[in-house]
Amino acid sequence: MSVEWKRTPERTRRVDVLVVGAGQAGLVTGYFLQHTGLAFVLYEHRPHIGDAWRHRYDALVLFSPRAYSALPGLPLSGDPEGYPTKDDIADYLERYARAFDLPVCTAEGIVCLERQAPHFLARTTTGQRVQASAVIVATGALQQPAVPACARTLAPHVVQLTAATYRCPAQLPPGRVLVVGDGASGRQIAAELVATHAVALATGKPWQVVPQRVLGKDTLWWFDRLGALRAEKDTRYGHWVRAHDAMPGWHLRRSSLRRLGVQLVPRTMGATRYQLQFADGTSDTFEVVIWAIGYREETAWLQTSSSFPLHIWGGNWIWSGIYDFNE
């Protein structure tokens with residue numbers, strides 16, 4: 001059961017701060033806002049807090065140990081050196097919201113945000129109007145799974161999924177599977193499916209893969225000690241960290257995937273009705289295609305013309321009446 005804030009019968013709710021999204025970024029924002037004395041509310045379009053995690057593929061386990069996966073003020077139960085599952089994180093986020101009695105409206109998203117100086121005015125999926133002096137967009141920069149235009153040319157009998165809609169091997173019919181995209185999700189999905197299906201993985205840029213643990217400590221522990229986790233993105237060190245973006249887990253190296261039986265093919269360049277075409281000029285047929293090529297922005301609901309996102313850390317943005325860069 002998720003935390004839900006009682007909705008007001010008033011036509012317009014007035015708050016100091018509107019937080020859009022109640023994932024980990026939104027909840028942490030609420031945690032710190034509680035210490036300011038400001039009136040605030042979080043809106044989450046999913047029915048329950050943590051649903052974004054619950055709906056990921058069943059075998060998903062975080063790369064980061066519990067000690068580095070907890071939010072401020074509340075430890076994540078279990079072995080600090082162990083790795084939480086997606087459901088562990090989903091349940092933890094619900095506990096977090098309850099523990100701090102955060103004002104979250106679930107099953108209600110923001111469909112429009114406008115600047116009506118000196119305030120912002122938002123409209124929700126239920127028709128509620130919310131006026132706020134500041135808005136924090138904590139939805140993450142990318143929300144919608146990316147699917148290339150060529151996917152529309154494939155025949156209807158070719159089953160197409162994304163990393164967001166794939167759940168488990170039993171979900172797929174018999175036959176050959178192509179996983180397009182060899183980031184962390186694509187590699188994890190390919191490694192899982194090869195036990196039950198003939199799997200090919202369409203690769204792209206080379207990734208640097210580091211061991212999960214070094215000298216008994218998780219790689220994140222070492223990154224933390226070296227200051228990499230706190231490096232500001234525009235500093236020299238921050239640029240170096242981003243340039244050497246690494247994927248933890250030697251079991252996900254291309255050589256390891258080959259040993260499991262995953263066929264590595266070049267980047268996917270297009271498709272006909274029955275075949276996928278690759279960068280080396282070859283093509284092949286598959287019964288299932290899983291698109292794991294990332295996510296795209298979904299910001300059409302943002303109609304703020306007098307301010308633009310202030311992006312400092314991670315993948316979340318801040319809009320605020322304080323940051324009006326056109327004045």
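Okay, so let's go over this structure. Note that this is a predicted model, so its numbers are computed, not measured.

What counts as what
- Residues numbered from 1 in each chain as written.
- Predicted model: local features only at pLDDT ≥ 70, side-chain atom pairs only at ≥ 80, totals over all residues.
- Heavy atoms only, no water.
- Helix = DSSP H or I, 4+ residues; strand = E, 2+ residues; numbered from the N terminus.
- Buried < 20%, exposed > 50% of the residue type's maximum accessible area, 1.4 Å probe, protein only.
- Contact = heavy atoms within 4.5 Å.
- Areas by Shrake-Rupley, 256 points an atom, 1.4 Å probe, with all protein chains shown as cover.
- Phe/Tyr/Trp six-rings, centres within 6.5 Å; stacked < 30°, edge-to-face > 60°.
- Lys NZ or Arg CZ within 6 Å of the ring centre and 35° of its normal.
- Pairing = 2+ DSSP bridges.
- Axes fitted to C-alpha atoms, helices over the stretch in contact; angles between N-to-C directions.
- Parallel < 35°, antiparallel > 145°, perpendicular 65-115°, else oblique.
- Left-handed = near helix turned anticlockwise from the far one by under 90°.
- Polar contact = N/O pair within 3.5 Å; in protein donor to acceptor, adjacent residues only side chain to side chain.

### Regarding the overall build of the chain
Step number 1: The number of helices and strands found in the chain is seven helices and 22 strands.
Step number 2: Counting every position in the chain, which comprises 327 residues, the buried fraction comes to 44%.
Step number 3: The contacts of the chain with a sequence gap of at least 6 include a subset with a gap of at least 24, amounting to 63%.
Step number 4: When the accessible area of the chain is evaluated, it comes to approximately 16,700 Å², of which 55% is carbon and sulfur surface.

### Section: the environment of Ala151
Step number 1: Looking at the secondary structure, you find Ala151 in the loop between strand S7 (144–145) and strand S8 (159–162).
Step number 2: Linking Ala151 and Gly270, residues 119 residues apart in sequence, is a C-alpha distance of 8.1 Å.
Step number 3: For Ala151, the contacting residues outside a window of four places in its chain are Gln160 and Trp291.

### Observations concerning the packing of aromatic side chains
Step number 1: Within this structure, the stated rule accounts for seven aromatic pairs.
Step number 2: Arranged with centres 6.1 Å apart and planes meeting at 50°, the rings of Tyr31 and Tyr96 form a pair that is tilted. With a gap of 65 residues between them, Tyr31 in helix H1 (residues 24–33) and Tyr96 in helix H3 (residues 86–99) connect regions that are remote in the sequence.
Step number 3: Seen in terms of ring centroids, Phe278 and Phe286 are 6.5 Å apart; in terms of plane orientation they differ by 85°. Their pairing is edge-to-face. With respect to class, Phe278 is no different from Phe286; both count as buried.
Step number 4: A connected cluster of aromatic rings, assembled from ring pairs, spans Tyr31, Phe32, Tyr92, Tyr96 and Phe100.
Step number 5: Over the ring of Phe120 we find Arg115, and its NZ or CZ is 4.9 Å from the ring centre.

### Quick look at the sheet that holds strand S10 (residues 198–202)
Step number 1: Pairing within the open sheet is parallel, and its five strands lie in the order S8-S19-S9-S10-S15. Only two strands of the sheet have a single neighbouring strand rather than two, namely S8 and strand S15 (263–265). Pairwise comparison of adjacent strand axes, ignoring direction, gives a mean angle of 20° for this sheet.
Step number 2: As paired strands, strand S9 (residues 176–180) and S10 are joined by five bridges and run parallel to one another. For Val180, the partnering residue across the bridge sits in S10 and is Ala202.

### Description of the packing of H1 against H3
Step number 1: For the pair H1 and H3, interaxial distance at closest approach is 11 Å and the crossing angle is 20°. One way to sum up the angle between H1 and H3 is to call them roughly parallel. Where H1 crosses over H3, the handedness of that crossing is left-handed. Contacts between H1 and H3 involve Gln24, Leu27, Val28 and Tyr31 from the former and Leu93, Tyr96 and Ala97 from the latter.

### With respect to the environment of Val159
Step number 1: Looking at where Val159 falls in the secondary structure, it is placed in strand S8.
Step number 2: Exposure remark for Val159: the relative accessible area of 30% places this residue in the partly exposed category.
Step number 3: For Val159 and Val177, which are 18 residues apart along the polypeptide, the C-alpha to C-alpha distance reads 9.3 Å.
Step number 4: Apart from the residues within four sequence positions on either side, Val159 is in contact with Pro173, Glu287, Val288 and Val289.

### Concerning the side chain of Arg66
Step number 1: With respect to the helices and strands, the residue Arg66 is situated in the loop between helix H2 (51–54) and H3.
Step number 2: At a separation of 3.2 Å, a polar atom in the side chain of Arg66 contacts the main-chain carbonyl oxygen of Ser77.
Step number 3: The contacts of Arg66, once residues within four sequence positions are left out, are Leu76, Ser77, Gly78, Asp79, Pro80, Gly82, Tyr83, Pro84 and Asp88.

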